[in-house]
Amino acid sequence: MTTIAVTGATGAQGGATARALLAAGHTVRALTRRPAAPAAEALRALGADVRRADFDDRASLDAALAGADSLFAVTTPFGTDIGTEVRQGRALVDAAAAARLGHVVFTSAAHADRATGVPHYDSKFLIERHLYASGLTWTVIGPAAFMDNYAGGWSLDGLREGSFAWPMPADRPLTLVSARDIGAFAALALQRRDTFAGRRIDIASDELDPARIAAVLAAATGRPIAHQQVPLDVVRGHSTDLAAMFAYFAAFGLDVDLAALRREFAEVGWQSFADWAATQDWTALLAAPAGAASAAPAVV
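All of these numbers come straight from a predicted model, not from anything done at the bench.

Trainee: Got a minute to help me understand the pairing of strand β6 (residues 138-143) in this structure?
Mentor: Note on strand geometry: in a regular strand, side chains alternate between the two faces of the sheet. Among the six residues that make up β6, six are buried, leaving the element largely enclosed by the rest of the structure. With burial as the criterion, each face of β6 is covered, one bearing Trp138, Val140 and Gly142 and the other bearing Thr139, Ile141 and Pro143. Here four bridges tie strand β5 (residues 103-107) to β6, and the two strands are oriented parallel to one another. Note on β6: the bridge partner recorded for phenylalanine 106 is valine 140. Crossover β5 to β6 through helix α5 (residues 119-132) is right-handed. Sheet topology note: the β6/strand β10 (residues 199-203) ladder contains five bridges and is parallel. By the bridge assignment for β10, valine 140 is matched with arginine 200.

And the structure:
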């Protein structure tokens, strides 16, 4: 089996990808800035080779990628800024090229290649362009909105009060995908290089409007929950980036061909939103004190 390096291995997307690859029997090199963190220890217990790697430390990247066959790459501006994300993403691509990796799968965002004006989409497209020019064999995945955000952030605080607080009109559809499905799809791409090489694929597994999302959450939690539209000005007070994203969602949505994905990549086992909601431990999540979640969702 090949050795596959996975960045962001202690995060949602990287962790899901690492677990999917380990389940398929691959040698996984889990890259993280915090190799002693509980999430890293959990991957180590599953058989991953956990290595320290820091996007701002080129030597650590070179050491972590040496001898690997391919790479799952993920970047984020959250916790830093857009400029830092672009710089780190380019550094990772350069390190992958120097290591002569056979395949890089980069997870971006759905519509990031459409000049959305959303800062953290535009930053990912700059990294995509750097990857395209690198000479590496590449695949780009563009996930739609994360289902997982509905179990954290201000959404979870609202659910405790019987409200699904989301900055979109009740009847505006949005495509969604779970971190588990992103990981499964990324693992598939890494295992089927010839099928995926040179392709940019936006992915999602369900499409619902906020009113329907609230209804599914009510059924899953066993609590009455109604959608409440959060004004964009409130979001803007936390992040102008996220406000721009929600404005784009409301105006254009994130169209993804769900039927085509299910036909061509049925082995992913795509989760509906109801499937995903049924897997969450809502009793534990809702028992946490209000405000325990972050102020804003970690949206793609």
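Trainee: What exactly am I supposed to notice about the packing of aromatic side chains here?
Mentor: The geometry of an aromatic ring pair comes down to the distance between the two centres and the angle between the two planes. Counted by the stated rule, this structure contains 15 aromatic pairs. Grouping aromatic residues by their ring pairs yields a cluster made of Tyr150, Trp154, Phe164, Trp166, Phe246, Phe249, Phe273, Trp276 and Trp282. Geometry around phenylalanine 196 places arginine 199 over its ring, the cationic atom sitting 6.0 Å from the centre.

Trainee: Looking at this model, I keep getting lost on the pattern of salt bridges. Mind explaining?
Mentor: Pairs may arise between side chains of opposite charge once their charged atoms sit close together. On inspection of all chains with the given rule, the structure shows 16 salt bridges. Put simply, glutamate 41 and arginine 44 hold a salt bridge, and the shortest N to O gap is 3.0 Å. Here the residue glutamate 41 and the residue arginine 44 both occupy positions in helix α2 (residues 38-46), the gap between them amounting to three residues, near one helical turn. Judged by relative accessible area, which is 39%, glutamate 41 ranks as partly exposed. Across the pair arginine 200 and aspartate 113 runs a salt bridge, and its minimum N-O distance is 3.6 Å.

Trainee: Please clarify how the nonpolar core should be interpreted in this entry.
Mentor: Within soluble globular proteins, side chains that are nonpolar tend to cluster in buried spots. Core analysis: the biggest nonpolar cluster contains 75 residues, and Phe249 and Phe273 have the highest contact counts within it. Among the elements that take part in this core, helix α7 (residues 179-191) stands out by supplying seven residues, more than any other. In this view, phenylalanine 249 contacts Tyr121, Ala145, Met168, Arg172, Leu174 and Leu254; residues no more than four positions away in its chain are not counted. Of all hydrophobic cores here, the second largest spans 22 residues; its members include Leu31, Ala53, Ala64 and Val140.

Trainee: I would appreciate a short explanation of the sheet that holds strand β11 (residues 206-208) in the present structure.
Mentor: To summarise the sheet geometry, strands pair through backbone hydrogen bonds and adopt either a parallel or an antiparallel arrangement. Strand order across the open sheet formed by three strands is β7-β9-β11, with mixed pairing between neighbours. Each edge of the sheet is formed by a strand with only one pairing partner; in this case those strands are β7 (145-146) and β11. When β7 meets strand β9 (residues 174-177), the two strands line up parallel, connected through two bridges. Across the sheet, phenylalanine 146 pairs through a bridge with valine 177, a residue of β9.

Trainee: Is there a simple way to think about the packing of helix α3 (residues 58-65) against helix α4 (residues 82-98) in this case?
Mentor: When two helices pack together, their arrangement is captured by the angle between the axes and the distance separating the axes. Packing of α3 against α4 brings their axes to within 9 Å, and their N-to-C directions diverge by 45°. If you check the angle between α3 and α4, you find them oblique. When you trace α3 past α4, the crossing you get is right-handed. Between α3 and α4, the contacting residues are Arg58, Leu61, Asp62 and Leu65 on the first element and Ala91, Leu92, Asp94, Ala95, Ala96 and Ala98 on the second. When its residues are assigned to classes, the contact of α3 with α4 shows seven nonpolar, no polar and three charged.

Conventions and cut-offs
- Residues numbered from 1 in each chain as written.
- Predicted model: local features only at pLDDT ≥ 70, side-chain atom pairs only at ≥ 80, totals over all residues.
- Heavy atoms only, no water.
- Buried < 20%, exposed > 50% of the residue type's maximum accessible area, 1.4 Å probe, protein only.
- Helix = DSSP H or I, 4+ residues; strand = E, 2+ residues; numbered from the N terminus.
- Pairing = 2+ DSSP bridges.
- Right-handed = clockwise from strand over helix to strand, strands pointing away.
- Phe/Tyr/Trp six-rings, centres within 6.5 Å; stacked < 30°, edge-to-face > 60°.
- Lys NZ or Arg CZ within 6 Å of the ring centre and 35° of its normal.
- Salt bridge = Lys/Arg side-chain N within 4 Å of Asp/Glu carboxyl O.
- Core = buried A, V, L, I, M, F, W, Y, C linked by side-chain atoms within 4.5 Å.
- Contact = heavy atoms within 4.5 Å.
- Axes fitted to C-alpha atoms, helices over the stretch in contact; angles between N-to-C directions.
- Parallel < 35°, antiparallel > 145°, perpendicular 65-115°, else oblique.
- Left-handed = near helix turned anticlockwise from the far one by under 90°.
- Nonpolar A, V, L, I, M, F, W, Y, C, P; charged D, E, K, R; others polar.

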